[in-house]
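The primary structure of each chain is shown beneath.
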Amino acid sequence: MEQSLVVGCPCIADVKDCLTKVESLKYAQEACYNGTLIVKASSSGLDIGSCNWSITGPNGTIIYVSSSLCMSSTATSFDYKALQRSDVVLYSDFSSCNTTDKFEDGNNSSGTAASNFSNISDDAVDLEASFTLLNNDEYMEEIEKLDFICSCSMDSVKSRGSVLIPIGRLGIILQLLERFALGLESENMKVPIFVVSSVAEELMAFTNIIPEWLCKQRQDRLYSGQPLFTHVEMLKDGRLHLFPAIHSLELLTIWQEPCIVFCPHWSLRLGPVVHLLQRWCKDQNSLLVMEEEVDANLALLPFKPMAMKVLQCSFLSGIQLQQSHLLLKMLQPRYVLFPEVLKRHVTPLDSFDYYSENEKLHIPMVKNSELDITVEVAVQLRYTTLKQQDTNISRLKGELLMEQGRYLLSVGDNQVCSETETKPVLHLGRIDLNVLLVALQKMGMNVTVEEARGDDGLLTASLVHVLEPNKALIKVTDVQTLISTADENLASLISQAVCTNLDCI
Amino acid sequence: MAIECLVLGAGQEVGKSCVVVTINGKRIMFDCGMHMGYSDMRRYPDFSLIPKSNCSDFTNSLACVIITHFHLDHIGALPYFTEVCGYNGPIYMTYPTKALAPLMLEDYRKVMVDRRGEEETFTSEDIVECMKKVTAVDLKQTVQVDKDLQIRAYYAGHVLGAAMIYAKVGDAGMVYTGDYNMTPDRHLGAARIDRLQLDLVITESTYATTYRDSKYAREREFLKAVHNCIAGGGKVLIPTFALGRAQELCMLLDDYWERMNLKVPIYFSSGLTIQANMYYQILINWTSQKVKDTFTTRNAFDFKNVCSFDRSLITAPGPCVLFATPGMVSGGFSLEVFKQWAPSEQNLVMLPGYCVAGTIGHKLMSAKIPTQIHLDQDTRIDVRCQIHQLSFSPHTDAKGIMDLVKFLSPKHVMLVHGEKPNMATLKEKIRSELGIKCYDPANNETVCIPSTNYIKARYSDAFQESSLCPNFKFLKTSSRQDFDSVNSHMRTKPFLQVCDDRMAEGMLTLQKNQNPKVVTQNEVMTSLGLEKHEVKFDHCFPVVYVANSKISLLKQLFERLVQEFPDLNMEDFPEHLQIQSFVVFVCSNEECPHRSEQKKCDAVYCCCSWSLADEKLAWKLISVMKEFRG
């Protein structure tokens, strides 16, 4: 069958083509989309390069929290500090969906106290301390698991059985490799370790050139002049062999059993694992290590009856419920969105909501948006103090630009002439007739006043007749002052007198 | 608000780079180098100038120290500053610099103490303790040093891990380049930086007036010299520092050896340099794209033809190439080998492009072979070997500096790390050609420049919406150009041009104890409870017009006004004309209250009204109309 006919199976050219469109980022590198949104990744600790995202726009910051591991022995640790003080947290760690715990206050003594993560009642330092403590326990548990796998594997090898590890998580593979090297050395055994995968060679070379993406302990190896992983030395002295496929000629020539093999695929349906399982499933001394997430009954069905030992292990793949509460307290977001499926685990919080697939949510946001005004614009401002209120006010004009997710008001290109036209265009308030008359008289005008009444007898306008120095008529209403005169100078004088009566902006 | 730069080193000289910059009150130390030409306290920057009167210690005086790369003239004083002077605050450098700097420092300390017998200013433990305080950063990572200070490293070329540093406090931003190279070389890429809003760029200016051609010719020259020497059975001594140049030259040679199928051994003088190669292998992501692309098949720093050296091999017969530390033949192992090999005419010494005055390397550069070199009063060496000087340097040339400054277009430029007369020339060039203010302060001088500060204001949604509204303007071009058959390929100007110059217009309100807020005019009125009051003018006057004329008065007036004021946008409606707020119509109301003049014969009353904004214009229009004879 032609490959392109297989639905959902893109050819390698498609994959490559797709990847050329991907822009790669470092942790904490700001990528600006369209000048409006700043997208930033921060380490989630799950595996090498895995991350959480923050998107900052003019209306706030949204954090996307994916499956995160607080402590990692290969990848950079979970950088929760980068997620602090956001507006919305989109909580998207589904790893605890199947647990029976309830998402509640990690601090048992405080009981069912209504939790509000936006106010920091707990001491921030205490929070961090208990968070670290939880993480430490969890980390030790993970280490114990790896040690257990290692000791089981050593037992198998000692009884001339082979070990098959179809686990896909790179971090686990790298750690197991190191443990096996140590284990074999202490038992003084020479058992070859094979990694059979089309990307094995590239992967092993690559993991040794990315110190920036690894945890502190790994980086310290760089500073002390060691390779980042022991597999570099293991490759050099022939303890570890990498092969692209199980039918590689070289593999067949150096193949020896017992051995330890890492290969895909965890489903036990694809790749070298199928052949090796068939070879070893009847051997009671051999060992298969798989993740607990896989349904072992189903996966092993074609290989039954199995004499081979099977070790199922569950590795941490996200934040535990107990921790996530502490985490949210530390992050102090204004609003949290939980997946609907976590509903039964979550104790209601103050500002939160549930989201589910294909459903639009409206998030109530009270955000004071801020813009920047350049000094060039600011020096052009002419403030007016309003007559009644304690307010200064100025007309503002400029070009509104969007830069790095912030609005900037700067002097536009075609705003050169603005210096000359600072004339007020807006007048607010009402005319106090007496004040106007005094002002006009001060200017040396001779005036008389007449009241204009409507049919109902109500005052509609005041008419001020100016007789000297020239003739003019001023009609004053609540919302308008109308000056009619043939004398340009007189018109100007009157308008000045009127303006002193109003707030001119 | 201002940016204040205190130059503690590399002011009008090369050596002990160290600039303390205060941006809006935040103080940052860029580089903490030592001067190779001095052996007394002049080798270090004068740190006593740093503390301000109100705080006596360095830790409280500085927000952080940032190191650009691992060369001693940029990092040599750091252990002294942290361990002896007691600076305990944050220190930032890139991953390669953090990995390689201890090697450089330890190598230098050994040469100083163990071989020259000088009193040490810091110990091995000091180096270790100092490096523990360092935070490593990746390129382009935005590091939040504290609430106000952000820094970011950009690729600078020069040496592995060299970085240009962008620092931002509030709205003020600056870049300190450190040493950089604008053209890629055998193992490193060219400097790369984003276009940034900058108040200041502090750039190196080693080659302030030099323009260089392609590097490949000079590389060939180097390879030819080496090949000729070993073909004649000679030994080649390449005194270099352990890191950087050694790897670059070694890549060249290793590649050449492969191509020419040479079997002559290449030696590295100590375990140190071999170890350094391993760092280079891990840090291959920091090299050029070409080197990176091939790392899985063959790591370019996994040298095939390099063997480690044994002391006995100095006198062994046969040709060889030896990399020995330190560079400039200033002492140590390279001097030891030099003493042995210099007397033979067959041999070759490959000197680096730049040697500090006082070193043997510097003497050799100007010497005529054969000659004698005095080591001290009792020792002299007969030099009969060939001397070749490397002419490629990992520094940018003058064009590169100008290109970078032009690209970044900062408001101010400051030159450091160069020679005084050349810097003055470059400074003048930057001022005249780019129109950017430029400074070249000497050591211990301070330069003060203003910094960008924006006024922060809240804004209403209505304001934002109103400024995003299209603001179309329709410009009629004065006359349509006639089609010219010759110029028919030229685009004719359209009769009507449509512009969309969006102008944000609003009101800035300042209330006591509140942040400024930008709102729209309507919002001001509603929020303050004020009503709009219009100030308008009216005037009704007679215009001369013969009633039986075929064209209406308004039409005639319109044509007259267009002729008189071609720049104004006038609209003619059946009953009135409108020019901005100025409206004119024929007044048939005999009792019109705005009339003040007596009717003349053959005249018609025109009633005008306008608002205050168009006061001047209105009177001009009226005077034209009054003189009109229809």
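Residues numbered from 1 in each chain as written. Chains lettered and ligands numbered in written order. Predicted model: local features only at pLDDT ≥ 70, side-chain atom pairs only at ≥ 80, totals over all residues.

This part covers the confidence of the model for chain A. All names here are of chain A. Per-residue confidence for chain A gives a mean pLDDT of 84, with 89% of residues at or over 70. Scored below 50 in pLDDT, residues 103–121 shows 28 contacts in the model against residues more than four places distant or in partner chains. Within the model, pLDDT remains below 50 along residues 416–420, and this stretch shows 2 contacts once partners closer than five positions in the same chain are excluded. (pLDDT = per-residue confidence, 0-100. Contact = placed C-beta atoms within 7 Å.)

We now examine unusual backbone geometry. Residues apart from glycine generally show negative phi values, whereas peptide bonds are mostly found in trans. In this structure, A:Pro258 follows A:Glu257 across a cis peptide bond, with omega equal to 0 degrees. Locating A:Pro258 in the fold gives a position in the loop between α7 (249–254) and β9 (260–262). With an omega of 10 degrees, the peptide bond between A:Pro264 and A:His265 qualifies as cis. Position of A:His265 among the secondary structure elements: in the loop between β9 and α8 (272–280). With a phi close to 55 degrees, A:Arg85 is a non-glycine residue in the positive phi region. With phi around 65 degrees, B:Asn444 is a residue other than glycine that occupies positive phi space. Among the structural elements, B:Asn444 can be located in the loop between β21 (437–439) and β22 (446–450). (Helix = DSSP H or I, 4+ residues; strand = E, 2+ residues; numbered from the N terminus.)

Attention now moves to the interface of chain B and chain A. Contacts between the two partners involve 61 residues from chain B, matched on the other side by 71 residues from chain A. Contributions of two or more residues to the side of chain B that touches chain A are made by α4 (95–115), β7 (142–144), α8 (271–282), β23 (455–459), β26 (504–511), α15 (521–528), β28 (534–544) and α17 (615–627) of chain B. At 8 residues, β26(B) tops the list of elements feeding residues into the side of chain B that touches chain A. Class assignment of the residues belonging to the side of chain B that touches chain A gives a composition of 30 nonpolar, 15 polar and 16 charged. For strand β16 (residues 391–403) of chain A and β26(B), the ladder comprises 8 bridges, and the chain directions are antiparallel. Counted as the bridge partner of A:Asn392 is B:Leu510 from β26(B). (Nonpolar A, V, L, I, M, F, W, Y, C, P; charged D, E, K, R; others polar. Pairing = 2+ DSSP bridges.)

As a further point, take the UniProt feature "domain: Beta-Casp" (unreviewed entry) in chain A. Under the local residue numbering, the UniProt record ascribes the feature "domain: Beta-Casp" (unreviewed entry) to residues 173–301 of chain A. Its end C-alpha atoms 25 Å apart, residues 173–301 of chain A is made of 44% helix and 12% strand. (UniProt positions renumbered as here; feature names shortened; annotations may be inferred.)

This part is about the sheet that holds strand β2 (residues 18–23) of chain B. Residues and elements named next belong to chain B. With respect to topology, 7 strands assemble into an open sheet ordered β6-β5-β4-β3-β2-β1-β22, the strand pairing being mixed. Taken across any chain shown, the strands that pair with only one partner, and hence form the sheet edges, are β6 (134–137) and β22. On average, each strand axis in the sheet is inclined to that of its neighbour by 25 degrees, with strand direction left out of account. Note: strand β4 (residues 64–66) against strand β5 (residues 91–94), 2 bridges, orientation parallel. Paired with Val65 across the two strands is Ile91, which belongs to β5. (Axes fitted to C-alpha atoms, helices over the stretch in contact; angles between N-to-C directions.)

Time to look at the sheet that holds β21(B). Residue and element names in this part refer to chain B. Spatially, 7 strands are ordered β7-β8-β9-β10-β11-β20-β21 in an open sheet, and the strand pairing comes out mixed. The sheet terminates laterally at β7 and β21, the two strands that pair on one side only. This sheet shows a mean twist of 20 degrees between the axes of neighbouring strands, independent of strand direction. Examined bridge by bridge, strand β9 (residues 163–169) and strand β10 (residues 172–176) share 5 bridges and lie antiparallel to one another. When the bridges of β10 are listed, Tyr166 appears paired with Val175. Taken strand by strand, helix α12 (residues 398–408) contacts β10, β11 (200–205) and β20 (412–418), and its axis lies near 175 degrees from that of β11. The strands touched by helix α13 (residues 420–434) are β11, β20 and β21; relative to β20, the strand with the most contacts, the crossing angle is about 160 degrees.

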